[in-house]
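Structural features, examined
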Amino acid sequence: MKLFERPRTKQLLKDMEQAEHYQDWAEMAAAWDEEHGLDEWKQNDACESYDYRSIRQRLDKVRDLRFRREYHDLLFVLNEGLHGNLGGMGKPALYNKAKLGTKNLITRYVEEICGALDDLNEVDDSIIALEEKQDFFLRASHCYGRSALMLSGGAVLGFFHAGVVKALFDHGLLPEIISGSSAGSIIAATACTHVDDELQHRLSLDNLHHEVDETTAIRPALSLFGNPRPRMDADNLKDYLAKIIPDLTFQEAFELTGRKLNITVTGLSPRQAPRLLNAITSPNVLIRSAVTASCAIYGIYPPVTLMCRNAANETVPYLPDLKWIDGSFADDLPAKRLARLFGVNHFISSMTNPAVLAMTPDPDAPSNPFRTLLTYQARFLKITTAEAMRFSRDNIRIKSPVISLMQHLTYGVLRQEYTADINIFLRNRWDHPLRLLAAPSREAMHRLLHEGERSTWEKVEMVRNCTAISRKLDTIVHGRGWEK
């Protein structure tokens, strides 16, 4: 029988790779699962990867209370155990076995909890007082937390992020909190400065590639050892950004779209702490200048002075004595800062940083002995190299400020954590370094955008299940106007 199944399996995988729309991809993924008997796996609650017994018990209790309309008891039950990743139901192992979806028990549980939250929101105030509802939903939203999307650096490979953002947006799964560093800051800024009706067009191939032509191409000139004035026309990058990102401050962008944009920048001096720029920490900073700074690869693009609007609505330097460079050197995926500022406790990353891809295997990929060994080796090499760099930085006096800065930046890259709760990794990595700094052809950009979408399709059901409850809580809180 397997002899006849093999061609069918190969064809399904090939068709999935070439699918242009999610619906087509999902139909073939479902067929692949059926072909391999995974529908039975989904229907069977039992699995060592999660605590299915407690989830099933809780599901039955919530369903019974909803059926009997025991709203006070339902409120109590939700109060006592509404938290993310219950019983380990968000583990990647539960989502990388089948091509489409996971255990039906998990999907039913998430849907039941969301329905229960709707019931409590809609029940008459004579049954549950409005003040009690408000107190519950505000506390539940704060305790449950929310998700953020983090877009890494990656030069031209950053166009992969546009496909990721588009796929999440198409499914109503795009988090309102988005961070970007270096190339990721371009796509993050695009997503957070355009309203929903415009966003799909702004992320399209026609729009993005139309801006990258011979007259506006980004043409860096390599300057070894950090020459502060690289021989290049920096206006190329500024002209490109001016055509895809409106002239807005972080606060203005938030008021326009409701999305919380975060851009990381690294200080030019080792004594200069990196910054996470957003509507809270730097509301008056102009987004274009922040993106330009975050894209300023040391030694290739010149360092940048941030710009802002003052009280007289004039454009003036922000911290004029300081200059900033590529944000991925210090905080490519700023999870800790996002957690502190926005109460984020669930992270989705889109990773295209070539240096990171070379030393970080995809943690969400199906495990096997070889992959496990490779992961441990990569982590060991990363940790030992980072410690050696830290020791050298702290104990060996180097007179050259350029070498000292390079040492500091290298340590910054090695010490970072590059994985999240859900990881979307670029798979087809370009092997020629100079291509990373050249404007891509239309065909190359199409491949990156498509791979971004395609890679995200594989994670859609995981993102949907892992974020459904927090999205429902936020929808209710926003809809009621209860935000603090």
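Residues numbered from 1 in each chain as written. Predicted model: local features only at pLDDT ≥ 70, side-chain atom pairs only at ≥ 80, totals over all residues. Heavy atoms only, no water.

Going by the annotation in an unreviewed UniProt entry, the name recorded for the protein is DUF3336 domain-containing protein, with Halopseudomonas laoshanensis given as the source organism.

Comments concerning the packing of helix α4 (residues 52-68) against helix α6 (residues 104-122)
The cut-off we apply is this: Helix axes are fitted to C-alpha atoms over the stretch in contact, other axes to C-alpha atoms as well, and angles between N-to-C directions run from 0 to 180 degrees. Every helix listed is a DSSP run of H or I at least four residues long, and every strand listed is a run of E at least two residues long, numbered separately from the N terminus. A clockwise turn of the near helix away from the far one marks a right-handed crossing, whereas an anticlockwise turn of less than a right angle marks a left-handed crossing. Throughout, a residue-residue contact means that at least one pair of heavy atoms, one from each residue, lies within 4.5 Å. Ten residues, namely Ala, Val, Leu, Ile, Met, Phe, Trp, Tyr, Cys and Pro, are considered nonpolar, four, namely Asp, Glu, Lys and Arg, are considered charged, and the remaining ones, Gly among them, are considered polar.
One way to put it is that α4 packs onto α6 with a least axis distance of 10 Å and a crossing angle of 35 degrees. Considering only the axes of α4 and α6, their crossing is left-handed. From α4, Y52, I55, R56, R58, L59, V62, R63 and R66 reach across to α6, where they touch L105, R108, Y109, E112, I113, G115, A116 and D119. Class assignment for the residues of the contact of α4 with α6 results in eight nonpolar, one polar and seven charged.

Topic: the side chain of T9
As a reminder, the rule being used: Classification of residues uses two cut-offs on accessible area relative to the type maximum, computed with a 1.4 Å probe and protein chains only: under 20% is buried, over 50% is exposed, and between them is partly exposed.
Considering the arrangement of structural elements, one finds T9 in helix α1 (residues 2-18). Judged by its relative accessible area of 14%, T9 falls in the buried class.

Considerations on the environment of V123
When you line up the elements, V123 lands in the loop between α6 and α7 (130-144). Relative accessible area serves as the criterion here: at 8%, V123 is assigned to the buried category. Taking C-alpha positions, V123 is 9.6 Å from K133, a pair spaced ten residues apart along the chain. The contact partners of V123, leaving out residues within four places of it in the chain, are Y71, I128 and K133.

Some details on the pattern of salt bridges
Side chains that differ in sign of charge can pair as their charged atoms come close. For the record, the criterion: When a carboxyl oxygen of Asp or Glu lies within 4 Å of a side-chain nitrogen of Lys or Arg, that pair is called a salt bridge.
Overall, the coordinates contain 26 salt bridges when judged by the stated rule. The closest approach of N and O atoms between R66 and E112, which form a salt bridge, is 3.0 Å. With R66 in helix α4 and E112 in helix α6, this pair connects stretches of sequence that are 46 residues apart. The buried category is assigned to E112, whose relative accessible area is 12%. Residue R66 is joined to D119 by a salt bridge in which the shortest nitrogen-to-oxygen separation is 2.7 Å. A residue pair is termed long-range when its members are at least 10 positions apart, and R66 in helix α4 and D119 in helix α6 qualify at 53 residues. Linked through salt bridges whose partners overlap, the residues forming this network are E17, R427, E451, R454 and E458.

Examining helix α13 (residues 250-257)
Worth spelling out the cut-off: Here the arc refers to the directions that run from the helix axis out to each C-beta atom.
Three or more residues of α13 are buried, namely F250, A253 and T257. One side of α13 holds all its buried residues, which, seen down the axis, span an arc of 60 degrees. In this fold, the buried residues of α13 make contact with α9 (183-192), β3 (260-267), β4 (275-277) and α14 (287-294). Directly after α13, the chain includes G258, whose backbone phi takes a positive value near 80 degrees.

What about α4?
The criterion, for reference: In this analysis, the expected span of each helix is defined as 1.5 Å times one less than the number of residues it contains.
If you check α4, its first and last C-alpha atoms are 24 Å apart, about what 17 residues at 1.5 Å a residue would give, namely 24 Å. Looking at the packing, one finds that the buried side of α4 touches α5 (71-81) and α6. Two residues or fewer past α4, R69 is found with a positive phi of approximately 55 degrees.

Thoughts on the packing of aromatic side chains
Threshold: Working definition: a ring pair exists when centres of Phe, Tyr or Trp rings (six-membered ring for Trp) sit within 6.5 Å. Plane angles under 30 degrees give stacked, over 60 give edge-to-face, the rest tilted.
What the rule picks out here adds up to six aromatic pairs. Between Y22 and W457, the aromatic rings sit 6.1 Å apart at their centres with planes inclined by 70 degrees, giving edge-to-face as the arrangement. In this pair, Y22 sits in helix α2 (residues 22-35) while W457 sits in helix α20 (residues 442-457), placing the two residues 435 residues apart along the sequence. Accessibility expressed as a relative area gives 13% for Y22, which makes it buried. Accessibility expressed as a relative area gives 3% for W457, which makes it buried. These aromatic residues form a ring-pair network of at least three members: Y22, W25 and W457.

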